[in-house]
Amino acid sequence: MKTRFAPSPTGYLHIGGARTALFAWLFAKSLKGDCLLRIEDTDKERSKAEYTEEIINSFKWLGVEFDEEIVFQSKNAERYSEVVDSLLANDLAYVCKGEDIEKDKMQRDQKLSRDKNTVIRFKMPETGSTTFEDLVKGKIEVSNDQLDDFIIERSDGTATYNFCVVVDDIDSDCTFFGMQLFDDAR
């Protein structure tokens, strides 16, 4: 069992964040597992060192000791690019221009080059449905024609937050209750 708490250092740790971290930490410990602290500092404009320091000091004050060295997302940019390149090479993502998703879906097969006016989108299936089991709500199913090809790399070459989280969780071997579903889909 491996859980994580991953705050963005865009403000001070608040009671809700502390509660979430304590839940993740106690849950892992109750199952003799590990809990990691990952600082999600990819928002260059709003992330501040003073907030990072305060978050770390708050956990010391609370007596929460994380099990591995703190991970800083800002230091993983090369890894995110590597994964984006792999998705492009395997035709699971594509380069497109503009923000209009309808136009972008038509650009899936244009084989555009990356430049300052393009983004990289993850290629979602166009038919069928995406299904997963939620521990609280049960089975969740969404028709794939309702899902957009989401951006995984911005026009400035940086990976998006949601993409970074998935790569980091997989690389850190975080435990997913739905991992069986993911493994079955491979």
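Keep in mind the model is a prediction, meaning the values are calculated, not measured.

A.B. asks: Got a minute to help me understand the pairing of strand β5 (residues 118-122) in this structure?
C.D. replies: With 4 of 5 residues buried, β5 lies mostly within the body of the structure. Pairing of strand β4 (residues 93-97) with β5, which is carried by 5 bridges, proceeds in the antiparallel orientation. Looking at β5, one finds that Tyr 94 is bridged to Arg 121.

A.B. asks: Even after reading the chapter, I still don't get the packing of aromatic side chains, so can you show me in this structure?
C.D. replies: Scanning all chains against the criterion turns up 5 aromatic pairs. Between the aromatic rings of Phe 5 and Phe 59, the centroid separation amounts to 5.7 Å while the plane-to-plane angle is 75 degrees, which identifies the pairing as edge-to-face. Of this pair, Phe 5 sits in strand β1 (residues 2-5) while Phe 59 sits in helix α2 (residues 49-62), placing them 54 residues apart in sequence. Phe 5 gets classed as buried once you look at its relative accessible area, which sits at 9%. Among the residues examined, Phe 59 registers a relative accessible area of 2% and is labelled buried. A centroid spacing of 5.2 Å and a plane angle of 20 degrees characterise the contact between Phe 122 and Phe 150, whose relative ring orientation is stacked.

A.B. asks: Could you clarify how one ought to interpret the sheet that holds strand β8 (residues 151-153) in this entry?
C.D. replies: Where strands meet in a sheet, backbone hydrogen bonds hold them as pairs that are either parallel or antiparallel. The strand order β4-β5-β8 describes an open sheet built from 3 strands, whose pairing is antiparallel. Edge positions in the sheet fall to β4 and β8, since each of these pairs with one other strand and no more. When strand polarity is set aside, the average angle formed by the axes of neighbouring strands in this sheet is 45 degrees. Bridge count between β5 and β8: 2 bridges; the pairing is antiparallel. Each bridged residue has a counterpart across the sheet, and for Ile 120 the counterpart in β8 is Glu 153. Contacting β4, β5 and β8, helix α3 (residues 77-89) crosses the sheet at an angle of about 95 degrees to β4.

A.B. asks: Can you help me understand the layout of surface pockets in this one?
C.D. replies: Unoccupied space between atoms shows up once a probe the size of one water molecule is rolled over them. Each pocket or cavity is described by its volume, and for the second largest pocket that value is around 220 Å³. Lining the second largest pocket are 16 residues, and of these Thr 42, Lys 44, Ala 77, Thr 158 and Ala 159 lie nearest its centre. In terms of residue class, the lining of the second largest pocket is built from 4 nonpolar, 7 polar and 5 charged.

How each quantity is defined
- Residues numbered from 1 in each chain as written.
- Predicted model: local features only at pLDDT ≥ 70, side-chain atom pairs only at ≥ 80, totals over all residues.
- Heavy atoms only, no water.
- Buried < 20%, exposed > 50% of the residue type's maximum accessible area, 1.4 Å probe, protein only.
- Helix = DSSP H or I, 4+ residues; strand = E, 2+ residues; numbered from the N terminus.
- Pairing = 2+ DSSP bridges.
- Phe/Tyr/Trp six-rings, centres within 6.5 Å; stacked < 30°, edge-to-face > 60°.
- Axes fitted to C-alpha atoms, helices over the stretch in contact; angles between N-to-C directions.
- Contact = heavy atoms within 4.5 Å.
- 1 Å grid on protein atoms, 1.4 Å probe; cavity = no way out; pocket = protein on both sides within 12 Å on 5 of 7 lines; lining within 4 Å.
- Points joined across faces, edges and corners; volume = space filled by probe spheres on them.
- Nonpolar A, V, L, I, M, F, W, Y, C, P; charged D, E, K, R; others polar.

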